[in-house]
Amino acid sequence: MKGLANRLLFIAVGLFMAAPLVVIAGVSLNEKRTLTFPPQGLSLRWYGEIFTDAGWRAALTASVTVAALAAALSVLIALPIAYALWRRTTRFGRLIQLLGVSPFVLPPVITALGALSFWITAGFYGQHFTVVISHAIFFTSLPLVTLTLGFATIDKEMVEASRSMGANERTVLSTIVLPMIAPYLISGFAFAFVLSLNEYIVAYMTVGFTLETIPIKIFNALRYGYTPVMASVTVFFVLIAVAVFGGIARFGDLPRLLGAWKSNER
């Protein structure tokens, strides 16, 4: 009886969480230019407008470009930190790790205001590269966590054995370390990419309306009336997130990436 009650509770919570997405998906299928639910007629033309309309296509291109560059930069920042902590744990290293995690732990509006103040003081407010750097710093904690977990899986005895056989640090890094942490590196990039793709506050605070990403474009479009394209873009981004995280779950060790340890490692 208790098990049935738990299942019903989980189903109820799942339906409650899925309800907004169901409504948005229904709205995106409206035949007419209206945000009504249930949809009045069925049409997929609003999904096509994401790619055919110049404004939405430019915003999509900007979002993907910013997200890809920011995710790559966040990995480049996190990799040497995680590698240094794996090689030797020091108080200074732990401090750097804490600084790497802190932007994501703080409320986004605080990080956004900090970035706004910095770029205005530096005289670069509104430049497109500022949102890339700001997103990279904001999301560095994601690849930092995954890479730290990846380095923890490496058997240091294997590394010592390779060194005793004459391998230098560069050889050890390229033939042992990087291949073993590659799934964690890719996962960290994917996490940062998806979250950067959907981030609004930091992007708006750093570039304003000089660069329209999809979240900023949706906000701007609200001033000119509601359109099903907004719902279509939302569903499209959700599908991207599902595809990315589904791929990680399918080809990677998702529980381990989320911080779980196998029973024989406890």
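What you are looking at is a predicted structure, and each value in this text was computed from that prediction instead of being measured. (Residues numbered from 1 in each chain as written. Predicted model: local features only at pLDDT ≥ 70, side-chain atom pairs only at ≥ 80, totals over all residues. Heavy atoms only, no water.)

1. Brief notes about the overall build of the protein
Selection criterion: Numbered from the N terminus, helices here are DSSP runs of H or I no shorter than four residues, and strands are runs of E no shorter than two. Should any heavy atoms of two residues lie within 4.5 Å, those residues are considered in contact. The Shrake-Rupley method, run with a 1.4 Å probe sphere, supplies the accessible areas, and residue values consider only the shown protein chains as cover.
Along its length, the protein carries 13 helices and zero strands. Secondary structure elements in the protein, listed N-terminal to C-terminal, are α-α-α-α-α-α-α-α-α-α-α-α-α. Intrachain contacts of the protein at a sequence separation of at least 6 include 70% that bridge at least 24 residues. Only carbon and sulfur atoms are counted for the fraction: they give 70% of the accessible area of the protein, which is about 15,200 Å².

2. What about the UniProt feature "transmembrane region" (unreviewed entry) in the protein?
Applicable threshold: UniProt positions are given in the numbering used here, feature names are shortened, and annotations may be inferred rather than shown by experiment.
When the UniProt feature table is mapped onto this chain, "transmembrane region" (unreviewed entry) is found at residues 7–29, 66–86, 98–120, 132–152, 172–195, 201–222 and 229–249. Its end C-alpha atoms 30 Å apart, residues 66–86 is made of 100% helix and 0% strand. Across residues 172–195, the secondary structure splits into 100% helix and 0% strand, with the terminal C-alpha atoms separated by 33 Å.

3. Quick notes on a nonpolar patch on the surface
Quick note on the threshold: Exposure above 30% relative accessible area and the lack of any salt bridge qualify a residue for a patch; like charges then connect within 9 Å, and the nonpolar side chains Val, Leu, Ile, Met, Phe, Trp and Tyr within 5 Å. Salt bridge, as used here, is a side-chain nitrogen of Lys or Arg placed within 4 Å of a carboxyl oxygen of Asp or Glu. Relative accessible area decides the class of each residue, using a 1.4 Å probe on protein chains only: under 20% of the type maximum gives buried, over 50% gives exposed, and in between gives partly exposed.
Residues Leu35, Tyr204, Phe209, Phe219, Leu222 and Tyr226 make up a contiguous nonpolar surface patch of roughly 570 Å² in combined accessible area. As for its placement among the helices and strands, leucine 35 is situated in the loop between helix H1 (2–27) and helix H2 (45–52). Take leucine 35: its relative accessible area is 35%, and that puts it in the partly exposed class.

4. Quick look at the nonpolar core
As a reminder, the rule being used: Put simply, buried Ala, Val, Leu, Ile, Met, Phe, Trp, Tyr and Cys residues joined by side-chain atoms within 4.5 Å make one nonpolar core.
Ranked by internal contacts, the top residues of the largest apolar core, which has 28 residues, are Trp56, Phe193, Ile214, Val229, Val233 and Phe237. Contributions of two or more residues to this core are made by H2, helix H3 (54–87), helix H5 (108–122), helix H9 (169–198), helix H10 (201–207), helix H11 (214–221) and helix H12 (228–251). Ignoring any residue separated from it by four or fewer positions in sequence, one finds tryptophan 56 in contact with Glu49, Ile50, Ile214, Lys217, Ile218, Ala221, Val229, Met230 and Val233. With 15 residues, the next largest nonpolar core counts Ile81, Leu147, Ile154 and Ile176 among its residues.

5. Focus on the packing of aromatic side chains
This is how the line gets drawn: Aromatic rings from Phe, Tyr and Trp, with only the six-membered ring used for Trp, were paired whenever their centres fell within 6.5 Å, and each pair was classed as stacked if the ring planes differed by under 30 degrees, edge-to-face if by over 60, and tilted otherwise. Criterion for a charge above a ring: Lys NZ or Arg CZ within 6 Å of the ring centre, and within 35 degrees of the ring normal.
All told, the structure shown has 11 aromatic pairs when counted by the stated rule. Their ring planes at 75° and their centres at 4.9 Å tell us that phenylalanine 118 and tryptophan 119 sit as a pair that is edge-to-face. On the accessibility criterion, tryptophan 119 (8% relative accessible area) is buried. Taken together, the ring pairs in this structure connect Phe118, Trp119, Phe124 and Phe129 into an aromatic cluster. One Lys or Arg, arginine 45, reaches over the ring of tryptophan 46 and ends 3.9 Å from the middle of that ring. Looking at lysine 217, its charged tip hangs above the ring of tryptophan 56, at a distance of 5.4 Å from the centre.

6. Looking at the environment of alanine 72
Mapping alanine 72 onto the fold places it in helix H3. A C-alpha to C-alpha distance of 9.8 Å links alanine 72 and threonine 140, two positions 68 residues apart in sequence.

7. Section: the packing of H3 against H11
The relative placement of two packed helices is expressed as an angle between their axes plus a distance between the axes. Going by this rule: Interaxial angles span 0 to 180 degrees and are taken between N-to-C directions of axes, which are lines fitted to C-alpha atoms, for helices over the stretch in contact. Polar here means any residue outside two lists: the nonpolar Ala, Val, Leu, Ile, Met, Phe, Trp, Tyr, Cys and Pro, and the charged Asp, Glu, Lys and Arg; Gly therefore counts as polar.
Between H3 and H11, whose axes approach to 8 Å, the crossing angle comes to 145°. Residue-level inspection shows Gly55, Trp56, Ala59, Leu60 and Ser63 of H3 in contact with H11, the latter providing Ile214, Pro215, Lys217, Ile218 and Ala221. Grouping the constituent residues of the contact of H3 with H11 by class yields seven nonpolar, two polar and one charged.

8. Topic: the side chain of serine 63
Our working definition: Under this definition, polar contacts are N or O atom pairs within 3.5 Å; protein pairs additionally need one hydrogen-donor-capable and one acceptor-capable atom, and for neighbouring residues in sequence, both atoms have to be side-chain atoms.
You can see serine 63 is positioned in helix H3. Among the polar contacts listed, one links the side chain of serine 63 to the backbone nitrogen of isoleucine 214, at a separation of 2.6 Å. Filtering out sequence-adjacent residues up to four positions away, serine 63 remains in contact with Leu197, Thr213, Ile214, Pro215 and Phe237.

9. Looking at the packing of H3 against helix H7 (residues 141–152)
The test is simple: By definition, any crossing whose near helix is turned counterclockwise from its far helix by less than a right angle is left-handed, and any crossing with a clockwise turn is right-handed.
Where H3 contacts H7, the axes come no closer than 9 Å and their chain directions differ by 35°. As for how H3 packs across H7, the hand of that crossing is right-handed. Contact residues: Ser74, Val75, Ala78, Leu79, Ile81, Ala82, Tyr83 and Trp86 in H3; Pro143, Leu144, Leu147, Thr148 and Phe151 in H7. Of the residues contributing to the contact of H3 with H7, the split by class is 11 nonpolar, two polar and no charged.

10. What about the confidence of the model for the protein?
What counts, and what does not: How sure the predictor is of each residue is captured by pLDDT, a score from 0 to 100.
Taken residue by residue, the protein gives an average pLDDT of 79. The fraction at 70 or more is 85%. Mean pLDDT in the protein bottoms out at helix H13 (residues 254–257), which sits at 59, and peaks at helix H6 (residues 128–138), which reaches 90.

11. Comments concerning the environment of phenylalanine 245
Looking at where phenylalanine 245 falls in the secondary structure, it is placed in helix H12. Put simply, phenylalanine 245 and alanine 190 are 55 residues apart on the chain and 7.8 Å apart in space, counted from C-alpha to C-alpha. What phenylalanine 245 contacts, discounting residues up to four positions off in sequence, is Phe191 and Val194.

12. Concerning the side chain of lysine 217
Its location among the elements puts lysine 217 in helix H11. If we ignore the near neighbours within four places in the chain, the residues touching lysine 217 are Gly55, Trp56, Ala59 and Glu212.

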